[in-house]
Amino acid sequence: MALTYEIKKHQHSVFLCFFFILTHFCLEFRPVSAQTSAVFACDTESNPGLKNYAFCDVSLDVSARVNDLVKRLTLQEKITMLVNTAGSVSRLGIPKYEWWSEALHGISYTGPGVKFNSVVPHATSFPQPILTSASFNETLFETIGKVVSTEGRAMYNVGQAGLTYWSPNVNIYRDPRWGRGQETAGEDPTLSSKYGVAYVKGLQQRDDGKKDMLKVASCCKHYTAYDVDDWKGIQRYSFNAKVTQQDLDDTFNPPFKSCVLDGNVASVMCSYNQVNGKPVCGDHDLLAGVIRGQWKLNGYIVTDCDSLNEMYWAQHYTKTPEETAALSLNAGLDLNCGSWLGKYTQGAVNQGLVNESVIDRAVSNNFATLMRLGFFDGNPKNHIYGNLGPKDICTQDHQELAREAARQGIVLLKNTAGSLPLSPKAIKSLAVIGPNANLGYTMIGSYEGSPCKYTTPLEGLGASVSTVYQQGCDIACATAQVDDAKKIAATADAVVLVMGSDQTIERESKDRVNITLPGQQSLLVTEVASVSKGPVILVIMSGGGMDVKFAVDNPKVTSILWVGFPGEAGGAALADIIFGYYNPSGRLPMTWYPQSYADKVDMTNMNMRADPKTGFPGRSYRFYKGPTVFNFGDGLSYSQYKHHLVEAPKFVSIPLEEGHACRSTRCKSIDAVNEQGCSNLGFDIHLRVKNVGKMSGSHTVLLFTSPPAVHNAPQKHLLDFQKIHLTPQSEGAVKFSLDVCKHLSVVDEVGNRKVALGLHVLHIGDLKHSLTVRI
């Protein structure tokens, strides 16, 4: 999402700097809005004449109401409905509507649709998605979405927010340097897909069972192959992502496909970049062809903000502004975040570049979404969710869920025997050191709102034991106050070092070059550890992975925790883990690479698969061939868990009809979509999982497969995951239901899904099970 607004060419960085200062440091001085009621159409109580319009008749279906409305509008009125700040039509009782609201991990003040002021001063701020995804808990993903949509509806009812939220971000976290990786669910298409679907359902699904109606409207962004913001001067606005069809269908597009097909998402946002030489927001094949045609989106397609500006000014793809407007509308675009379509669509019509019927299609998709939200149903107080208000925001339950989400996501990466958990009774003095130890704002990451309250690591730890604190250095850590930090560390019973990054290091419009701890942070950690007499716990607060190999190898650093950007209750959740009030169960949703990877690999190389000819090592655990600091799925517990395979087939046979070519020739794979014998062919895997430790805890069961080496298949691939809670010495059952076409297939070189014939090796923890697929 751009934070720019009609900014041309090279003015972006100046504007972003100004925007950052304005929103983050001047928030308290925003004027109080006088709006205290919802904005809605068809107010038949105040204007009974509106009852005569079919589009206000709630007994009709959505399409009939939309058709009636569009027929009543002039071309000029329709054009005002193509932009995020949509126009009003007073003669029809339609007020202005602002489409742009954000809810990445709570209601956000990014975008003009949301206002925090005396009416609603705060909203619950959950962990950034990268940490939430580390819980590998679909129920949690959806529950957070439900709470966010409740708070969004509550804010809408008092005029402080819209009903359309441009979240979640389901881009694949392809490269560790990407500043926006914190907004995503990580590097794996299965995890990202399941996260996206669950969060979308949480936002959209209503409690009255009306499946085609929406609580709020979600949007999966940024479609597609978008993950370069600003790396060594290469900017997202003009970047051309050169992507193979195999990588597009195998890695980048699956989360968007799942959002539409499984989540029934109301919107997809097209990204700034080009894909193989074509701007995504002007690519008919990607928009009308795939999203609308293949996936059958029931909703609207929206641009990232000012994408049409960039198509014209930065990419120079079209010769005139009118051509840009026409290209995007003809490609299948429905809504423009920005004002481009408002300015240039009339000219495009006048020049014969776009037909009014195309505009009708676009505004119909937009109106249909608003109809499904109840925007045209009159006063929301008379309908479901109409009684929600400020009392339903920042409730105790919501704040506790923010703490629970952080607890479930935090990943224990190293733990020397006897180090963690700390005993609050045995610790008389705890040294807390580091630039992120006492900064609440860092915890909530980007696309943040105004949180209910902050609990910093220092505050969370200090609630259980006596603490002594030294910042040590700021986040850039140009010069560390090593001596001061060592003094308090030397006398303490234990030390917690809270290091990492913040939005000045990694964020939208800022990719990293180095993936080490900034400045002298590593020196500070090493020096403090050298004088410490008890456990030394290194806490990494960051969106992306860090090369902390020095700490992994240092025996004086006894434990390492990654806490992402853990949200408003992050400090309390960290203390829960450190003192053993909660048993950690988070797993890394992305690979942690060494700095040598960043030194060697060009971030703009979009290929996922390794290339021995060029020495390119590949990307993500699925394809990367090289050393790592930590691996996807890594994560320790205070308990130990054993897996026992109860039941799984050794062979799966796919019946083929007589005369099938593969009956007489040696096939490496068969088509996974059109093969009759493949449909409805499935099996179950039954496991027993035992907690053999002394502490109750939740355990994440990850099911991977290594498919046969055909079609440049992944070396390993996540099929499914489940979370199970077990008391000490207890056992539980886990069942995975697998579909042969879906789970045992790979994408071939031209983008077709194929069932790989031959030996598949299933991985569950230390277990391996061989399964042969044959015909």
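As the structure is a computational prediction, the values presented were derived from the model and not from experiment.

Draft legend 1. Up close: the nonpolar core. Ranked by internal contacts, the top residues of the largest apolar core, which has 163 residues, are Trp166, Phe376, Trp562 and Trp592. Among the nonpolar cores identified, the runner-up in size contains 40 residues, and Val148, Ala161, Ile393 and Ala405 belong to it.

Draft legend 2. Molecular detail of the side chain of Ser364. Within the secondary structure, Ser364 is located in helix H13 (residues 356–372). For Ser364, a relative accessible area of 18% puts it in the buried group. Among residues more than four places away in sequence, those in contact with Ser364 are Val66 and Val70.

Draft legend 3. Layout of the packing of helix H5 (residues 138–157) against helix H6 (residues 189–204). For the pair H5 and H6, the least separation of the axes is 7 Å and the interaxial angle reads 35°. Of the two possible hands of crossing, H5 and H6 adopt the one that is right-handed. In this structure, H5 contributes Glu138, Phe141, Glu142, Ile144, Gly145, Lys146, Val148 and Ser149 to the contact, and H6 contributes Leu191, Lys194, Tyr195, Ala198, Tyr199, Lys201, Gly202 and Leu203.

Draft legend 4. Inspection of the sheet that holds strand E18 (residues 651–653) at higher detail. With mixed pairing, the five strands of this open sheet are ordered in space as E18-E27-E26-E21-E22. Here the strands that pair on one side only, and so sit at the sheet edges, are E18 and strand E22 (717–726). Here the average twist between neighbouring strands, direction ignored, is 20°. In this structure, strand E21 (residues 697–706) lies alongside strand E26 (residues 758–764), joined through four bridges in antiparallel fashion. Across the sheet, Ser706 pairs through a bridge with Val761, a residue of E26.

Draft legend 5. Highlighting unusual backbone geometry. Cis geometry marks the peptide bond from Ser167 to Pro168, where omega comes out at 10°. Along the chain, Pro168 falls in the loop between H5 and H6. The peptide bond linking Lys221 to His222 adopts the cis configuration, its omega dihedral lying at -5°. Here His222 lies in strand E3 (residues 220–223). Its identity is not glycine, yet Asn712 carries a phi of approximately 50°, on the positive side. Structurally, Asn712 is set in the loop between E21 and E22. Residue Asn712 is classed as partly exposed on the basis of its relative accessible area, which comes to 49%. The backbone of Gln729 sits at a positive phi, close to 70°, despite the residue not being glycine.

Draft legend 6. Region of interest: the state of the cysteines. Enumeration according to the criterion identifies seven disulfides in this entry. Through a disulfide, Cys270 is tied to Cys281; the S-S separation comes to 2.1 Å. Judged by the sign of its S-S torsion, about 110°, the bond between Cys270 and Cys281 is right-handed. One end of the pair, Cys270, is in strand E7 (residues 267–270); the other, Cys281, is in the loop between strand E9 (278–279) and helix H9 (285–294), with eleven residues separating them in the sequence. Take Cys270: its relative accessible area is 0%, and that puts it in the buried class. Note that Cys662 is cross-linked by a disulfide to Cys667, the S-S spacing being 2.0 Å. Here the disulfide of Cys662 and Cys667 is left-handed, its torsion about the S-S bond being about -95°. You can call Cys662 buried: its relative accessible area is 8%. The thiol of Cys219 is not disulfide-bonded; the next cysteine sulfur, from Cys220, is found 6.9 Å away. When its relative accessible area of 0% is taken as the criterion, Cys219 is described as buried.

Parameters at a glance
Residues numbered from 1 in each chain as written. Predicted model: local features only at pLDDT ≥ 70, side-chain atom pairs only at ≥ 80, totals over all residues. Heavy atoms only, no water. Core = buried A, V, L, I, M, F, W, Y, C linked by side-chain atoms within 4.5 Å. Buried < 20%, exposed > 50% of the residue type's maximum accessible area, 1.4 Å probe, protein only. Helix = DSSP H or I, 4+ residues; strand = E, 2+ residues; numbered from the N terminus. Contact = heavy atoms within 4.5 Å. Axes fitted to C-alpha atoms, helices over the stretch in contact; angles between N-to-C directions. Left-handed = near helix turned anticlockwise from the far one by under 90°. Pairing = 2+ DSSP bridges. Disulfide = S-S within 2.5 Å.

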